[in-house]
Amino acid sequence: MSRPSIADLTIGQSVAQRTITVGRADLVRYAGASKDFNPIHWNDRFAREVGLPGVIAHGMFTMGQAVNVVSDWAGDPGAILEYGVRFTRPVPVPDPGHATVEVDAVLAAVDTEAGTARVDLTVAVDGARVLGKAQVLVALG
Amino acid sequence: MGVNLSYAGRAYPPTQPYAVGREHLHDFALAVGAHHPAHHDADAARALGHPDVIASPTFAVVIAQRAEAQLISDPEAGIDFSRVVHAEERFTHHRPIHAGDELVTVLHVDSITERSGLAMVTTRCEITADDGKVATVVSTLAVRGEDA
C-alpha cells in the first residue's frame, strides 16, 4: 500500500467514504475482543431498564470502525499519532436487522514542517452525527 | 450517593504489566473491521518497519479500561456504572503498540466536575514500556445523578 505524499494533498479533499453495517453479532464480537461486557451492548431488557431504546453499539466500537478509512489511506495504521472523538448520540442496533453507519473522511489541515495531516471524520446514522470532533492526526511519509 | 469529587487529582500506582499478544491484536482488529495486514501478518508489519504486528488505533482502550477499573469499581468513588455514558475518548500514540510489548499503566484522575446533576469524570492513562512512553488515553465519562 502506498503512502500519501504531502505535496499532493489539498485541504478539503475527500480522503475516503465508507458504509458500515452493524448487527448484534458484531457487538458480541467487540465485547469479547475488548472485554467490555456492559449489558447495554447485548441485553435489550437491561438497556431499556436504564432508559435506552434498546441495545446500543459500544461507542468504542464505532470509534474503532470509523478510523479504518484513515489507516488504509495512510498505508500504515502505525502512522496514526492522535485520534479523538466525542460521543454525541448512541447508535441503536436493532434485532432483527442492523444499523448503518456512514463515514466520510476529509483532509482538514496539513503541517508540512511536522510532516502531519489532520483528517476529520463525519460519522452519521440516518443523517445524524453520532461522533463529534472526530479528528485524526496522521504522520505522512 | 453522588460521585466523590475529592478523587480529582488522584494518581494510582503502576499496574501489573499487560502482555500484548499477536492473537489478541488480531482478534481486536477483526472486531473493529481493521483489515490492514499490519495487524494480522508479522511480515507485513515488519515491511513497514514495525518489530511485529501492531495494534489498531483504538486497541489501547482495552489496557486503559482495565486501569480505569481501579477508579470505577471503587465504591468510595461513587460511580454508578448503570448511570454512566461514555462522553469522550482521545488517544495519543507516542509509538505503535506491538505484539510482545509489556505495558504498564498509571491512571490519573484529571478532573471531576458536577453541574445540574451530571458529573463529568476525566481520566488519563499513561501507558509505558521499557523503552518509554507508548500511549496516552484520555477518557471522559458522564455520570447521571439519581434524580437526573
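Structural data are supplied above this passage.
Residues numbered from 1 in each chain as written. Chains lettered and ligands numbered in written order. Predicted model: local features only at pLDDT ≥ 70, side-chain atom pairs only at ≥ 80, totals over all residues.

Caption draft 1: Fine view of the overall build of chain A. Scanning chain A for helices and strands turns up four helices and six strands. For chain A, the N- to C-terminal ordering of α and β elements is β-α-α-α-α-β-β-β-β-β. Taking the principal axes of the C-alpha coordinates as reference, chain A spans close to 55 × 30 × 20 Å. Taken across its 141 residues, chain A has 39% of its residues classed as buried. In chain A, of all internal contacts separated by at least 6 residues, the share reaching a separation of at least 24 is 64%. (Helix = DSSP H or I, 4+ residues; strand = E, 2+ residues; numbered from the N terminus. Buried ≥ 20, exposed ≤ 12 C-beta atoms within 10 Å, placed from the backbone. Contact = placed C-beta atoms within 7 Å.)

Caption draft 2: Seen up close, the nonpolar core. With 80 residues, the main nonpolar core has Val 70, Leu 121, Leu 131, Val 136 and Val 138 of chain A together with Ala 60 of chain B as its most contacted residues. Sort the elements by how many residues they give to this core and helix H3 (residues 60-72) of chain B lands first, with six residues. Beyond its immediate stretch of four places on either side in the chain, Ala 60 of chain B contacts Ala 55, Phe 91, Ile 97, Ile 127, Ala 135 and Val 137 of chain B. (Core = buried A, V, L, I, M, F, W, Y, C linked by C-beta atoms within 7 Å.)

Caption draft 3: Spotlight on helix H3 (residues 59-66) of chain A. Buried residues dominate H3 of chain A, accounting for eight of its eight residues. Of all the residues in H3 of chain A, the buried ones are Gly 59, Met 60, Phe 61, Thr 62, Met 63, Gly 64, Gln 65 and Ala 66 of chain A.

Caption draft 4: Local environment of the packing of helix H1 (residues 24-34) of chain A against helix H1 (residues 22-31) of chain B. Taken N-terminus to C-terminus, the directions of H1 of chain A and H1 of chain B make an angle of 150°; their axes are 9 Å apart at the nearest point. When the axes of H1 of chain A and H1 of chain B are compared, the pair comes out roughly antiparallel. Crossing geometry of H1 of chain A relative to H1 of chain B is assigned as left-handed. Contacts between H1 of chain A and H1 of chain B involve Arg 29, Tyr 30, Ala 33 and Ser 34 of chain A from the former and Asp 27, Phe 28 and Ala 31 of chain B from the latter. The residue makeup of the contact of H1 of chain A with H1 of chain B, split by class, is four nonpolar, one polar and two charged. (Axes fitted to C-alpha atoms, helices over the stretch in contact; angles between N-to-C directions. Parallel < 35°, antiparallel > 145°, perpendicular 65-115°, else oblique. Left-handed = near helix turned anticlockwise from the far one by under 90°. Nonpolar A, V, L, I, M, F, W, Y, C, P; charged D, E, K, R; others polar.)

Caption draft 5: Structural detail: the interface of chain A and chain B. With 29 residues of chain A at the contact, the number on the chain B side is 28 residues. Looking at the side of chain A that touches chain B, the elements with two or more residues in it are H1, H3, helix H4 (68-74) and strand S2 (80-87) of chain A. If one sorts the elements of the side of chain A that touches chain B by residue count, S2 of chain A sits on top with eight residues. Considered class by class, the residues forming the side of chain A that touches chain B number 14 nonpolar, eight polar and seven charged.

Caption draft 6: Main features of the pairing of strand S2 (residues 84-93) of chain B. When S2 of chain A meets S2 of chain B, the two strands line up antiparallel, connected through five bridges. Bridge pairing in S2 of chain B places Arg 86 of chain A opposite Glu 88 of chain B. Strand direction decides the pairing type here: S2 of chain B and strand S5 (residues 132-144) of chain B, joined by nine bridges, are antiparallel. Pairing of His 86 of chain B across the sheet is with Leu 141 of chain B, part of S5 of chain B. (Pairing = 2+ DSSP bridges.)

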